[in-house]
Amino acid sequence: MPALAIITLIASGRLGTLAASFVGLLVALVVTLSSAPHEFLAAHAAVSLLRGIWIGWNVLPYILGGLLFWQMAIRPGNAAMPVDGGPGDPRARRRLLFSACFLIGPFAESATGFGIGIIGTIVLIRRLDLPPVYLICFALLSQTMILWGGMGSSSIIAAALARADPTTLAVNASLFLVVFNILWLPLYWRMADKVGIAADPRECASEAAWLGLCLVSVVAATAVLGPETAMLASYGPIIVLRYLVDERPDRRTLARSVQRMMPFVVLIGWLVATRLFAPLTHVLEQAIRIAPFAGLPAWSPLFHAGTWLIVGAVLTGLLRGDAAIFGAEIRSAWKTGRLAIVTVMTFAMMAELLTGSGVAEGLATGMASALGAWAVVLTPQLSAIFGALANSGNAANGLFMSSQVNLAISTGLNVKAVVALQQAAAQSLNMISPVRMSIVCGMAGTPGREREAYRTMFPFGIATVVVTLIGSLLIALKII
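This write-up is about the structure you can find in this document. Keep in mind that what you see is a predicted model, and the values were worked out from it rather than measured.

Cut-offs and rules
- Residues numbered from 1 in each chain as written.
- Predicted model: local features only at pLDDT ≥ 70, side-chain atom pairs only at ≥ 80, totals over all residues.
- Heavy atoms only, no water.
- Helix = DSSP H or I, 4+ residues; strand = E, 2+ residues; numbered from the N terminus.
- Buried < 20%, exposed > 50% of the residue type's maximum accessible area, 1.4 Å probe, protein only.
- Contact = heavy atoms within 4.5 Å.
- Areas by Shrake-Rupley, 256 points an atom, 1.4 Å probe, with all protein chains shown as cover.
- Core = buried A, V, L, I, M, F, W, Y, C linked by side-chain atoms within 4.5 Å.
- Axes fitted to C-alpha atoms, helices over the stretch in contact; angles between N-to-C directions.
- Parallel < 35°, antiparallel > 145°, perpendicular 65-115°, else oblique.
- Left-handed = near helix turned anticlockwise from the far one by under 90°.
- Nonpolar A, V, L, I, M, F, W, Y, C, P; charged D, E, K, R; others polar.
- 1 Å grid on protein atoms, 1.4 Å probe; cavity = no way out; pocket = protein on both sides within 12 Å on 5 of 7 lines; lining within 4 Å.
- Points joined across faces, edges and corners; volume = space filled by probe spheres on them.
- Phe/Tyr/Trp six-rings, centres within 6.5 Å; stacked < 30°, edge-to-face > 60°.
- Patch = residues over 30% accessible without salt bridge, like charges linked within 9 Å, V, L, I, M, F, W, Y side chains within 5 Å.
- Salt bridge = Lys/Arg side-chain N within 4 Å of Asp/Glu carboxyl O.
- Expected span 1.5 Å × (residues − 1).

## Quick notes on the overall build of the chain
The number of helices and strands found in the chain is 20 helices and 0 strands. Over its C-alpha atoms, taken along the principal directions, the chain stretches across nearly 70 × 50 × 40 Å. Here the chain holds 480 residues, and the buried ones make up 57% of them. Partitioning the intrachain contacts of the chain with sequence separation of at least 6 by distance along the chain shows that 79% fall at a separation of at least 24. Of the roughly 19400 Å² that the chain leaves accessible, carbon and sulfur atoms contribute 68%.

See below:
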């Protein structure tokens, strides 16, 4: 009932994601207090709600810190990402398009989340004079690496809901993202050909090699550093390398670019150091450590990447003499991220209610009884659809992750594989979410083009559904 209530309200257009999530939370509260398979009183419900708020609190610094740092590092002084000048020949146009869609856009999304990568992509590719519908579609490709969006906050939330290790979950889920990207790249080539930014086989092979380098690098960085800083640490150097190869800047231009990007260099270097040097990691984790709930992540503010994003934003503003705009930028960050923060907390509270009351376990047992291991094939597809409607993988995980874990346990399936599939599926169609599509149409100055954009992006959605379906079948058959 909570899932049906939310899906119906969002799909009907009567309520937005946030309002629908409150309705779903209220329905979940009524259901758990009246129909739980074991004793679940108001006091138990209160504890579950507090657990959900705690999960959301751990994510809040990523959201606000990422947005604030991005604003302070990029906006003041007309700073820009490292791509200079206008493309003067077909090869330069093609390379700018690829860098914007597959490198700079995802990098921006990893630091901030919430579609901010779309802004960076549009700014860069607008000068290519693309047809409006293709400007929209290429901008949406900045969301291809959404698993690491918002400092990997979705993986941290999913791991908390699944009672799993965030790094293990992110590495396992990234294998699905690798397959997604392998299928998406030829579709990107086809779109680029249609708008006259074609490339010969050699250039296509070069793009495949760059994308392969990115995927290998980010998965390896995730395994070593965890999902928070993996994308920043891996894509930052790759973007610099690509810039040097494509632009071949003179010494003066290079110095100017280094100065613009120095906040990112320093912040990424520090975050990597806090994850790689064990003594430093131990000190930062243990100096202040708050863990009020068993089975949920502890909060160590000195180790939390969100804390250092805020510190980086403040230092960047002070060193650039932009302290006067702190107030405006903080308000802007809150305005952009507040709905996401509240929504994350609402869905986390709902998930904890369903888990603590035994409803999630009971639902999984019922599905297993009715469908056996094949129940695992159905839920990821529902998660993908709901994630797209809600414009949030966190929402889909909040509703379905606990049931998926219990389903895997009750049917003897590979729990890690089921959790990874759920996480990948929950985010798989976010790239073409109605909410995101509407936002990008507005950013591109082309409102009303959503239907055309959906037709163009349809193959991307089909490829994604096929991968999640095949993954579900392999898990159900116990091949993986």
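Back to the write-up after that little detour.
## Remarks on the nonpolar core
Core analysis: the largest hydrophobic core is formed by 129 residues, its most contacted members being Leu97, Phe138, Leu141, Tyr188 and Phe264. With 13 residues, the single largest contributor to this core is helix H3 (residues 42-74). Residues within four places of tyrosine 188 in sequence aside, it is in contact with Arg94, Leu97, Phe98, Cys101, Phe102, Phe138, Leu141, Glu207 and Phe460. Core analysis: the second largest hydrophobic core is formed by 22 residues, Ala45, Leu354, Val359 and Ala426 among them.

## Thoughts on the packing of helix H18 (residues 415-428) against helix H20 (residues 450-476)
Contact geometry for H18 and H20: axes closest at 10 Å, N-to-C directions at 165 degrees. By the criterion of interaxial angle, the relationship of H18 to H20 is roughly antiparallel. With respect to the hand of their crossing, H18 and H20 are arranged in left-handed fashion. Between H18, through Ala417, Val418, Leu421, Ala425 and Ser428, and H20, the contact on the second element is made entirely by Thr464, Thr468, Gly471, Ser472 and Ile475. Its residues assigned to classes, the contact of H18 with H20 shows 5 nonpolar, 5 polar and no charged.

## Section: empty space enclosed by the protein
Enumeration over the complete set of coordinates arrives at 2 cavities of 30 Å³ or more. Computed from the structure, the largest cavity encloses a volume of approximately 50 Å³. What lines the largest cavity is simply Gln143, Thr144, Ile146, Leu177, Phe180, Trp184, Ala424, Gln427, Ser428 and Met431. Of all the secondary structure elements, the ones that give two or more residues to the lining of the largest cavity are helix H8 (166-194) and H18. Roughly 40 Å³ of internal volume is contained in the second largest cavity. In terms of lining, the second largest cavity is formed by Ile55, Asn58, Val59, Ile156, Ile157, Ala160 and Pro297. Elements with a minimum of two residues in the lining of the second largest cavity: H3 and helix H7 (149-162). Split into classes, the residues belonging to the lining of the second largest cavity amount to 6 nonpolar, 1 polar and no charged.

## Regarding the packing of H3 against helix H14 (residues 326-356)
Orientation of H3 relative to H14, taken along the N-to-C sense of each, is 155 degrees, at an axis distance of 7 Å. Judged by the inter-axis angle, H3 sits roughly antiparallel to H14. For the pair H3 and H14, the sense of crossing is right-handed. Here the residues of the contact of H3 with H14 are counted per class, giving 21 nonpolar, 8 polar and 3 charged.

## Here's the deal with the environment of valine 405
Along the polypeptide, valine 405 turns up in helix H17 (residues 393-411). A sequence separation of 13 residues divides valine 405 from valine 418, and the C-alpha atoms of the two residues are 7.1 Å apart.

## Some thoughts on the packing of aromatic side chains
Scanning the model with the defined rule gives 9 aromatic pairs in all. Centre to centre, the rings of phenylalanine 69 and phenylalanine 264 are 5.3 Å apart; their planes meet at 80 degrees, and the pair counts as edge-to-face. Of this pair, phenylalanine 69 sits in helix H3 while phenylalanine 264 sits in helix H11 (residues 251-276), and the two are 195 residues apart along the sequence. Across the pair, exposure class does not vary: phenylalanine 69 and phenylalanine 264 are buried alike.

## A word on the environment of leucine 128
Relative to the assigned elements, leucine 128 resides in the loop between helix H5 (116-125) and helix H6 (132-140). Taking the C-alpha atoms as reference, leucine 128 lies 9.4 Å from arginine 94; in sequence the two are 34 residues apart.

## Considering a nonpolar patch on the surface
A grouping of Leu371, Trp374, Leu378, Leu382, Leu469, Leu473, Leu477, Ile479 and Ile480 is seen on the molecular surface, where their side chains present a nonpolar patch of about 800 Å² in accessible area. For the nonpolar patch, the secondary structure elements donating two or more residues are helix H16 (375-390) and H20. Inspection of the secondary structure assignment puts isoleucine 480 in the segment after H20.

## Considerations on helix H13 (residues 305-319)
With 15 residues, H13 extends 21 Å between its outermost C-alpha atoms, agreeing within 8% with the 21 Å of an ideal straight helix rising 1.5 Å per residue. Among the residues making up H13, those that are buried are Ala305, Gly306, Trp308, Leu309, Gly312, Ala313, Thr316 and Gly317. Contacts from the buried residues of H13 go to H3, H7, H11 and H14.

## Re the environment of phenylalanine 138
Mapped onto the secondary structure, phenylalanine 138 falls in helix H6. Between the C-alpha atoms of phenylalanine 138 and phenylalanine 102, which are 36 residues apart in sequence, the distance is 9.7 Å. Those residues within four positions of phenylalanine 138 in sequence are excluded, and the remaining contacts are Leu97, Cys101, Thr121, Ile125, Leu130, Tyr188, Met191, Ala192 and Val195.

## Topic: the layout of surface pockets
The volume enclosed by the second largest pocket comes to roughly 520 Å³. Around the second largest pocket, the lining is made up of 22 residues, and of these Pro166, Glu228, Glu285, Ala298 and Phe303 lie nearest the centre. When residues of the lining of the second largest pocket are traced back to their parent elements, those giving at least two are H3, H8, helix H9 (201-225) and helix H12 (278-287). Within the lining of the second largest pocket, the residues separate by chemical class into 11 nonpolar, 6 polar and 5 charged.

## Things to note about the pattern of salt bridges
Tallied over the full model, the rule gives 7 salt bridges. Residues glutamate 352 and arginine 163 are paired through a salt bridge, measuring 3.2 Å at the closest nitrogen-oxygen approach. A residue pair is termed long-range when its members are at least 10 positions apart, and glutamate 352 in helix H14 and arginine 163 in the loop between H7 and H8 qualify at 189 residues. Overall, glutamate 352 belongs to the buried group, its relative accessible area being 2%.

Nothing here speaks to function; it is all geometry.
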